[in-house]
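# Chain and residue survey
The residues making up each chain are set out below.
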Protein chains: 2
Amino acid sequence: MSEGREVPLIVLGVGGVGRSFLEQIVRRRSYHEKRYDVRFKIVALADSTGAAVSPAGLTDEEIQQAIEAKAQGGRLSDLPFGYYQNDVRSIVDLEATQDTVVVDMTASTETMSALQLAMERRSYIVLANKLPLTAPISRAWALYEYPRLRYETTVGAALPVITTAKRLAASGESIQRIMGVLSGTLGYLMTAVEDGVAFSKAVLKAKELGYTEPDPREDLSGRDVARKGLILARTLGWRLEMEDVQVQSLYPEEWDTWPLEDVMAELIALDDDFFAWVDAARARHEALRYVAKLEDGRVEVGIQFVPLDSPLGRLRGTDNLVEFYTEYYDPQPLVLAGRGAGVHSTAAGVLSDILELVLYPWLP
Amino acid sequence: MSEGREVPLIVLGVGGVGRSFLEQIVRRRSYHEKRYDVRFKIVALADSTGAAVSPAGLTDEEIQQAIEAKAQGGRLSDLPFGYYQNDVRSIVDLEATQDTVVVDMTASTETMSALQLAMERRSYIVLANKLPLTAPISRAWALYEYPRLRYETTVGAALPVITTAKRLAASGESIQRIMGVLSGTLGYLMTAVEDGVAFSKAVLKAKELGYTEPDPREDLSGRDVARKGLILARTLGWRLEMEDVQVQSLYPEEWDTWPLEDVMAELIALDDDFFAWVDAARARHEALRYVAKLEDGRVEVGIQFVPLDSPLGRLRGTDNLVEFYTEYYDPQPLVLAGRGAGVHSTAAGVLSDILELVLYPWLP
């Protein structure tokens with residue numbers, strides 16, 4: 001029986017997404033071998049707690065041990081196998097070849113120089129990490145131009161948003177407008193306020209349900225949506241910097257310096273604005289949405305009124321939804337919708353990216 | 001200034017899609033050169049009316065002449081340039097290399113041996129033609145396994161249905177069910193009967209609007225939807241034959257042998273069935289849809305009741321819509337929606353397929 005084509009992986013980031021990814025690698029091993037003749041070999045795991053490097057490949061038992069250790073708050077450097085290597089650039093330097101896939105599932109800016117080296121080595125790269133892609137153009141653009149790189153999960157998790165944008169850009173048809181709800185948290189909040197819930201109550205409830213970041217300002221600032229909008233724009237070839245993205249925060253700027261408990265107590269001051277917005281939208285037969293809008297080379301992120309009977313207007317709850325209006329998708333847009341977050345579907349999307357890279361270019 | 005990387009194309013089929021494709025190639029030439037450094041060279045045009053072969057590449061003026069001649073019902077063999085070559089296999093034999101893209105936009109089974117030769121040559125292949133992909137497994141399966149082939153537009157035109165199915169299959173998450181409205185014509189008819197229009201009247205109106213094939217039985221038989229369902233199933237790795245697809249025709253089988261005018265006159269006999277279906281659906285708070293359903297290794301094509309508040313239930317008019325229910329898209333599906341037919345968007349999708357093939361595997 002064939003052992004399959006061996007694909008070495010350097011895995012950066014062993015948080016929630018990284019652990020689900022490792023677990024899926026192990027669980028689907030026989031599927032990937034049987035269906036695609038591909039056998040993944042984890043040559044390194046690394047995160048801010050250290051690294052486990054094993055040029056021969058970690059065994060499935062070792063991978064399980066690493067998952068459990070990290071789930072219990074342990075450190076990779078304490079694992080009883082592999083050898084410790086402090087910096088991810090050195091790991092890439094030691095291990096990466098043309099056949100290696102470097103998978104960045106961190107939320108760190110620290111991986112950039114490792115990624116640059118991986119490009120020099122002509123390694124494959126898969127990013128679930130948005131930060132390298134939202135860095136200044138002088139550093140980030142090389143990533144967008146590198147053909148052996150995928151980053152589908154940085155926008156809408158496993159929804160094929162980037163793939164679709166690339167395909168539309170490739171045909172050359174003109175792209176008139178892209179409108180997307182790219183935050184499940186903000187989608188939930190907009191649905192709640194439309195249903196008559198006070199904004200402050202909706203935020204507390206969302207925090208309780210685990211829909212928000214531990215500090216809800218991360219969501220309410222719109223910064224994360226702005227990053228996704230920028231990645232989408234750059235995918236279309238728009239040379240924009242983060243500062244060019246116009247972002248509407250849902251709270252006053254001065255709250256950025258406040259202690260979290262003061263912010264949570266003061267949210268109630270925003271309720272009337274939202275009641276008024278909902279009323280205004282309703283009077284126009286429109287819906288209130290927090291969207292990223294790409295049009296005429298500009299990215300705007302914030303509250304928008306959209307027609308009630310449009311795909312975005314009909315959206316409810318935490319799903320993401322993206323409308324592409326183009327030369328041929330007119331007047332009805334091309335629409336993608338579904339879960340836009342979650343560790344398991346993000347990890348599955350990373351796996352899809354890897355297989356797309358290693359399978360399709362390959363001539364047996 | 002760079003001339004760009006030259007990509008030779010062998011174009012089979014110069015009907016509506018083929019002409020739009022050629023027109024887009026010419027119109028977007030500077031875009032493709034500037035953005036992707038790619039210059040398309042048409043080395044052959046061929047269809048059932050002959051061929052124009054030009055190893056040095058047709059000029060844009062010659063391409064325009066071919067478009068106009070074909071639009072006016074002329075024959076490719078009468079064109080005053082290129083040389084005539086009667087059979088497409090010989091054209092591939094003479095012209096196809098590893099760098100060539102063979103683009104099949106016919107609706108013919110006659111291209112199969114040319115495609116087989118193109119695979120031997122390791123040429124790229126893009127199919128808008130469903131028939132090679134729905135041939136018996138013994139002949140078709142090699143196409144599905146060939147990594148340098150794309151066929152996105154065979155299901156839902158430029159909607160990324162195949163891409164999404166491939167990505168989900170690649171990750172290995174279990175795919176529980178796929179439900180799709182894959183015929184704009186049948187979508188239009190279902191919306192009309194839900195609105196209280198008699199089925200026979202709706203068909204006549206759809207024919208008038210040009211939504212149906214010249215013989216509406218092509219649409220009403222469900223055969224075309226069945227082909228799409230089969231292609232989608234095979235994309236998931238399901239080894240099914242056309243005969244395994246369970247298809248519900250919207251008219252009695254004996255009508256297949258009738259003259260068209262008798263069929264059109266007799267449609268009225270079907271009205272009561274549809275009124276009854278609509279009533280039954282309404283009583284269950286459901287909607288009537290003609291769908292392809294993939295579940296448990298089986299493909300069923302026919303009338304289904306779907307929840308009114310599901311994406312398929314909310315669909316109206318001629319757009320296509322596909323719901324993917326998977327391990328991680330549960331309970332809410334991943335949804336793709338938008339125009340699922342039309343010569344321009346199909347041609348644009350073919351262009352996207354070509355660029356995906358020639359760009360991504362390419363290491364500069």
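Criteria and thresholds
- Residues numbered from 1 in each chain as written.
- Chains lettered and ligands numbered in written order.
- Predicted model: local features only at pLDDT ≥ 70, side-chain atom pairs only at ≥ 80, totals over all residues.
- Helix = DSSP H or I, 4+ residues; strand = E, 2+ residues; numbered from the N terminus.
- Expected span 1.5 Å × (residues − 1).
- Least-squares fit on C-alpha atoms with pLDDT ≥ 70 in both.
- Contact = placed C-beta atoms within 7 Å.
- Buried ≥ 20, exposed ≤ 12 C-beta atoms within 10 Å, placed from the backbone.
- Pairing = 2+ DSSP bridges.
- Axes fitted to C-alpha atoms, helices over the stretch in contact; angles between N-to-C directions.
- Domains from an automatic or database assignment.
- Nonpolar A, V, L, I, M, F, W, Y, C, P; charged D, E, K, R; others polar.

### Some details on helix H14 (residues 271-283) of chain B
Between its first and last C-alpha, H14(B) extends 19 Å over 13 residues, near the 18 Å set by a 1.5 Å rise per residue. His285(B) lies just past H14(B) and shows a positive phi near 55°.

### Comments concerning the relation of the copies chain B and chain A
Laying chain B over chain A is done by rotating through 180° and shifting 0.0 Å along the axis; what remains is an RMSD of 0.0 Å. In the structure described here, the two chain copies are related by an operation that fits a two-fold rotation axis. Mapped onto chain A, 100% of the interface residues of chain B are again interface residues, and the two copies thus contact each other with one and the same surface.

### Describing the environment of Leu334(B)
In this fold, Leu334(B) is placed in strand E12 (residues 334-338). For Leu334(B), a count of 26 C-beta atoms within 10 Å corresponds to the buried category. Between the alpha carbons of Leu334(B) and Val322(B) there is a distance of 8.2 Å; along the sequence they are twelve residues apart. In this structure, Leu334(B) is in contact with Leu159(A), Gly338(A), Thr164(B), Phe324(B) and Tyr329(B), ignoring residues within four places of it in sequence.

### Concerning unusual backbone geometry
All names here are of chain A. The omega torsion of the bond from Asp330 to Pro331 falls at 0°, within 30 degrees of zero and hence cis. Inspection of the secondary structure puts Pro331 in the loop between strand E11 (320-326) and strand E12 (334-338). In the Ramachandran plot, Asp37 falls in the positive-phi region, its phi being about 60° despite a non-glycine side chain. On the secondary structure map, Asp37 appears in the loop between helix H2 (29-36) and strand E2 (38-47). Phi at Asp296 takes a positive value of approximately 50°, unusual for a residue other than glycine. With respect to the element layout, Asp296 can be found in the loop between strand E9 (286-295) and strand E10 (298-307).

### A few points about the sheet that holds strand E7 (residues 175-181) of chain A
Across the sheet, which stays open at both edges, the twelve strands sit in the order E8(A)-E10(A)-E9(A)-E7(A)-E11(A)-E12(A)-E12(B)-E11(B)-E7(B)-E9(B)-E10(B)-E8(B) with mixed pairing between neighbours. Either end of the sheet is taken by a strand with one partner, and the two such strands are strand E8 (246-247) of chain A together with strand E8 (246-247) of chain B. With five bridges joining them, strand E11 (residues 320-326) of chain B and E12(B) adopt antiparallel strand pairing. From the neighbouring strand, Glu323(B) faces E12(B), where its bridge partner is Val335(B). Along the sheet face, helix H9 (residues 184-194) of chain A touches E7, E9 and E11 of chain A and points at about 150° away from the line of E9(A).

### Section: the environment of Thr326(B)
Residue and element names in this part refer to chain B. If you trace the backbone, Thr326 turns up in strand E11. Between the alpha carbons of Thr326 and Ala283 there is a distance of 29 Å; along the sequence they are 43 residues apart. Those residues in contact with Thr326 that sit more than four places away from it in its chain are Leu168, Glu173, Ser174, Ile175 and Gln176.

### Remarks on the domain arrangement of chain A
All names here are of chain A. Under the domain assignment, chain A is made up of domain 1 (5-158 + 344-359) and domain 2 (163-338). Inter-centroid distance (C-alpha atoms) of domain 1 to domain 2 is 30 Å. Contact residues are listed per partner, giving ten residues for domain 1 and 14 residues for domain 2. Of all the secondary-structure elements, those providing two or more residues to the side of domain 1 that touches domain 2 are helix H6 (131-134) and helix H7 (137-145). Split into classes, the residues belonging to the side of domain 1 that touches domain 2 amount to five nonpolar, three polar and two charged.

### Thoughts on the interface of chain B and chain A
Listed by partner, the interface residues are 42 residues for chain B and 42 residues for chain A. Considering every element that reaches the side of chain B that touches chain A, the biggest residue donor is helix H16 (residues 343-359) of chain B, with eight residues. For the side of chain B that touches chain A, the residue count by class is 20 nonpolar, 13 polar and nine charged. Taken together, the three bridges between E12(A) and E12(B) define a ladder with antiparallel strand orientation. Each bridged residue has a counterpart across the sheet, and for Val335(A) the counterpart in E12(B) is Ala337(B).

### As for the pairing of E9(A)
Residue and element names in this part refer to chain A. For E9, the tally of buried residues reaches seven of ten residues, placing the bulk of the element in the interior. Relative to E9, E7 runs antiparallel, the two being bridged by four bridges. Of the residues in E9, the one forming a bridge with Ile178 is Leu294. Strand direction decides the pairing type here: E9 and E10, joined by ten bridges, are antiparallel. Its bridge partner lying in E10, Ala292 is registered against Val301. Between E9 and E10, which follow one another and run antiparallel, lie two residues, and Asp296 among them has a positive phi close to 50°.

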